[in-house]
Amino acid sequence: MGSEVYQAQILRAFFDTITGTDRNLTRIYMCVISLAKLRMESPERLRFLVEQMQVSKTKRELSIDILDYMVESANSLDSWAGQSAFGITTSQKSDDFGSVSLDSL
């Protein structure tokens, strides 16, 4: 399960990229493919993700299938992996981090 921390770091880089000012498609592509390789996805799934990235490049907007995959991956991780990727080390900070909800955003 050590790879979960790496997966969480890749997810953080992905979401930082798509919400930041520099929405570099190559960086997004590398995050998606790296995560898929860490998760040991099937060749068919990898092919689908690459095709969706090509569609994203053509349409100049990120495919919803890519977003769904990344959110699904984030949802499948243990909470401690995500917290460590965001630099949360103490239990007090962990409680604060866990209390953030979509409503507060």
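Residues numbered from 1 in each chain as written. Predicted model: local features only at pLDDT ≥ 70, side-chain atom pairs only at ≥ 80, totals over all residues. Heavy atoms only, no water.

Within the secondary structure layout, serine 56 lies in helix α3 (residues 43–59). Of the polar contacts made by the side chain of serine 56, one reaches the backbone nitrogen of serine 63; its length is 2.8 Å. (Helix = DSSP H or I, 4+ residues; strand = E, 2+ residues; numbered from the N terminus. Polar contact = N/O pair within 3.5 Å; in protein donor to acceptor, adjacent residues only side chain to side chain.)

Here the second largest pocket defines a volume of roughly 200 Å³. Taken together, the elements giving at least two residues each to the lining of the second largest pocket come down to α2 (25–38) and α3. By residue class, the composition of the lining of the second largest pocket is four nonpolar, one polar and four charged. (1 Å grid on protein atoms, 1.4 Å probe; cavity = no way out; pocket = protein on both sides within 12 Å on 5 of 7 lines; lining within 4 Å. Points joined across faces, edges and corners; volume = space filled by probe spheres on them. Nonpolar A, V, L, I, M, F, W, Y, C, P; charged D, E, K, R; others polar.)

Before going further, it helps to spend a moment on the pattern of salt bridges. When their charged atoms lie close together, side chains carrying opposite charge are able to pair. The tally for this structure, following the rule as stated, stands at three salt bridges. The residue aspartate 16 makes a salt bridge to arginine 12 at a minimum N-O spacing of 3.8 Å. Of the two residues, aspartate 16 and arginine 12 both sit in helix α1 (residues 3–19), four residues apart, roughly one turn of that helix. Aspartate 16 sits in the partly exposed class, given a relative accessible area of 45%. Residue classification places arginine 12 among the partly exposed residues on the basis of a relative accessible area of 33%. (Salt bridge = Lys/Arg side-chain N within 4 Å of Asp/Glu carboxyl O. Buried < 20%, exposed > 50% of the residue type's maximum accessible area, 1.4 Å probe, protein only.)

This part is about the packing of aromatic side chains. In the structure shown here, the tally under the stated rule is one aromatic pair. Taking the centre distance of 5.0 Å and the plane angle of 80° together, the rings of phenylalanine 14 and phenylalanine 15 count as edge-to-face. (Phe/Tyr/Trp six-rings, centres within 6.5 Å; stacked < 30°, edge-to-face > 60°.)

Right, let's get into the side chain of threonine 17. Of note, threonine 17 is situated in helix α1. Excluding residues that lie within four positions of it along the chain, threonine 17 makes contacts with Asp22, Arg23, Asn24, Arg27 and Ile28. (Contact = heavy atoms within 4.5 Å.)

A word on the confidence of the model for the chain. For the chain, mean pLDDT is 79; residues scoring 70 or higher make up 73% of the total. Within the chain, no element has a lower average pLDDT than helix α6 (residues 91–98), which sits at 50, and none a higher one than α3, at 92. (pLDDT = per-residue confidence, 0-100.)

Between its first and last C-alpha, helix α4 (residues 64–76) extends 18 Å over 13 residues, near the 18 Å set by a 1.5 Å rise per residue. Looking only at α4, the buried set comprises Ile66, Tyr69, Met70 and Ser73. Projected down its long axis, α4 carries its buried residues within an arc of 95°, all on one side. Summarising the geometry of α4, the exposed residues directed more than 90 degrees from the buried face are Ile64 and Asn75. In the core, the buried residues of α4 are packed alongside α1, α2 and α3. At the N-terminal end of α4, a side-chain oxygen is found 3.2 Å from the backbone nitrogen of aspartate 65, two or three residues along, and the residue is serine 63. (Expected span 1.5 Å × (residues − 1). Arc of directions from axis to C-beta.)

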